[in-house]
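Listed below are the residues making up each chain.
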Amino acid sequence: MPGSDNALFLSMQRKRITARAVENLVKKYARIASPLKKITPHKLRSTYGTMLYQESGDIYLVADVLGHKDVNTTRKHYAAIQEERRRQATRCIKLREDPTPPTPDRPEPPSNPPDLP
């Protein structure tokens, strides 16, 4: 069938099905799989984008896969994830007060500064 050569989903008549038909199929099977949660095609797309960004950390890849023409659109949606990744990275880093151990020619600094007059 012309127009169906590169189709991801085909109907029983071997014709390309519409985006609306895919949405209806997702809703139908989502209700069966998880009756207590409302799962929509948009929610699946959003979840995929979130998981891809969490795994890759590449905002340009996510923008490309989701078909965003402007990467700033993608950045806006994933800004909270970026901020959380920064917080996690900060918690992972342990800073030492003095990176070099004391030696005979360089004694340990006093724990309290001397009182000044």
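Scroll up to find the structure.
Every value quoted in this text rests on a predicted model; they were computed, and no experiment measured them. (Residues numbered from 1 in each chain as written. Predicted model: local features only at pLDDT ≥ 70, side-chain atom pairs only at ≥ 80, totals over all residues. Heavy atoms only, no water.)

### Describing the overall build of the protein chain
(1) Moving on: When its secondary structure is counted, the protein chain shows four helices and zero strands.
(2) Moving on: Secondary structure elements in the protein chain, listed N-terminal to C-terminal, are α-α-α-α.
(3) Moving on: Scored against the burial criterion, the 117 residues of the protein chain give a buried share of 16%.
(4) Moving on: In the protein chain, 17% of the contacts between residues at least 6 apart in sequence involve partners at least 24 apart. (Helix = DSSP H or I, 4+ residues; strand = E, 2+ residues; numbered from the N terminus. Buried < 20%, exposed > 50% of the residue type's maximum accessible area, 1.4 Å probe, protein only. Contact = heavy atoms within 4.5 Å.)

### Things to note about the pattern of salt bridges
(1) Moving on: Inspection of every chain in the model, using the stated rule, returns three salt bridges.
(2) Moving on: The salt bridge involving Glu83 is made with Arg86; its shortest N-O contact spans 3.2 Å. With Glu83 and Arg86 both in helix 4 (residues 71-92) and three residues apart, the pair spans about one turn of that helix.
(3) Moving on: Judged by relative accessible area, Glu83 falls into the partly exposed class, the value being 36%.
(4) Moving on: Of the charged contacts, one joins Arg87 and Glu83 as a salt bridge, the two residues approaching to 3.7 Å between their closest N and O atoms. Of this pair, Arg87 and Glu83 both sit in helix 4, four residues apart, roughly one helical turn.
(5) Moving on: Take Arg87: its relative accessible area is 39%, and that puts it in the partly exposed class. (Salt bridge = Lys/Arg side-chain N within 4 Å of Asp/Glu carboxyl O.)

### Overview of the packing of helix 3 (residues 59-66) against helix 4
(1) Moving on: Put simply, helix 3 and helix 4 touch, their axes get as near as 9 Å, and they point 110° apart. One way to sum up the angle between helix 3 and helix 4 is to call them roughly perpendicular. Of the residues in helix 4, those in contact with Ile59, Tyr60, Val62, Ala63 and Leu66 of helix 3 are Val71, Thr74, Arg75 and Tyr78.
(2) Moving on: Considering only residue class, the contact of helix 3 with helix 4 consists of seven nonpolar, one polar and one charged. (Axes fitted to C-alpha atoms, helices over the stretch in contact; angles between N-to-C directions. Parallel < 35°, antiparallel > 145°, perpendicular 65-115°, else oblique. Nonpolar A, V, L, I, M, F, W, Y, C, P; charged D, E, K, R; others polar.)

### Quick notes on helix 4
Working note: α-helix, 3.6 residues per turn, so residues spaced by three or four point in the same direction.
(1) Moving on: The sharpest bend along helix 4 reaches about 60° and sits at Tyr78.
(2) Moving on: Among the residues of helix 4, those classed as buried are Val71, Thr74, Tyr78, Ile81 and Gln82.
(3) Moving on: Looking at the packing, one finds that the buried side of helix 4 touches helix 2 (41-56) and helix 3.
(4) Moving on: You can read the cap of helix 4 off the contacts: a side-chain oxygen lies 3.1 Å from the backbone nitrogen of Asn72, and it is on Asp70. (Bend = angle between axes of the 7 residues up to and from the residue. Polar contact = N/O pair within 3.5 Å; in protein donor to acceptor, adjacent residues only side chain to side chain.)

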